[in-house]
Amino acid sequence: MIRHAVLFKFKDDFPDADKAAWIAGLNRMDGNIPGLVKLTHGADVLRHDRSFDYAIVADFKSVEDIEVYNTHALHEPLKKYSFPNSEQIIAVDFPL
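What you see is a predicted model; the values in this text were computed from it and never measured. (Residues numbered from 1 in each chain as written. Predicted model: local features only at pLDDT ≥ 70, side-chain atom pairs only at ≥ 80, totals over all residues. Heavy atoms only, no water.)

J.: Explain helix α2 (residues 63-70) to me, please; I cannot follow it from the model alone.
T.: Residues lying three or four places apart along an α-helix face the same way, a consequence of the helix completing one turn every 3.6 residues. Where α2 is concerned, the buried positions are Asp65, Ile66 and Tyr69. The arc enclosing the buried residues of α2, seen along the axis, measures out at 105°, which places them on a common side. Every exposed residue of α2 that faces more than 90 degrees away from the buried side is listed here: Glu64 and Glu67. Buried residues belonging to α2 abut β1 (2-10), α1 (16-29), β3 (54-60) and β4 (86-95). (Buried < 20%, exposed > 50% of the residue type's maximum accessible area, 1.4 Å probe, protein only. Helix = DSSP H or I, 4+ residues; strand = E, 2+ residues; numbered from the N terminus. Arc of directions from axis to C-beta. Contact = heavy atoms within 4.5 Å.)

J.: Help me understand unusual backbone geometry, please; the structure alone is not making it clear to me.
T.: Across residues other than glycine, the phi torsion is negative in most instances, and most of the peptide bonds are trans. In this model, Arg47 sits at a positive phi of 55°, which is unusual for a non-glycine residue. In this fold, Arg47 is placed in the loop between β2 (36-43) and β3.

Listed below in structure tokens is the structure:
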């Protein structure tokens, strides 16, 4: 099992409608991508200087399943929201 964790630091002008569409897309992925065991996500609640704005944590059966996820039809459209509306995106993948 592999855990894929991604943190997003959003730009101040990320449109609310685009953010809502992005979150709805995240919700559609859970249980609908082969090899994706569980996907959880949410906004930061502490808002410290070192905090990022949003986190995604996804558990996969294998490293190969992450590659399937990265190009899956449910994941691809979300990139048009996350990449242009983020100052920084960081990720880590580690075995459980």
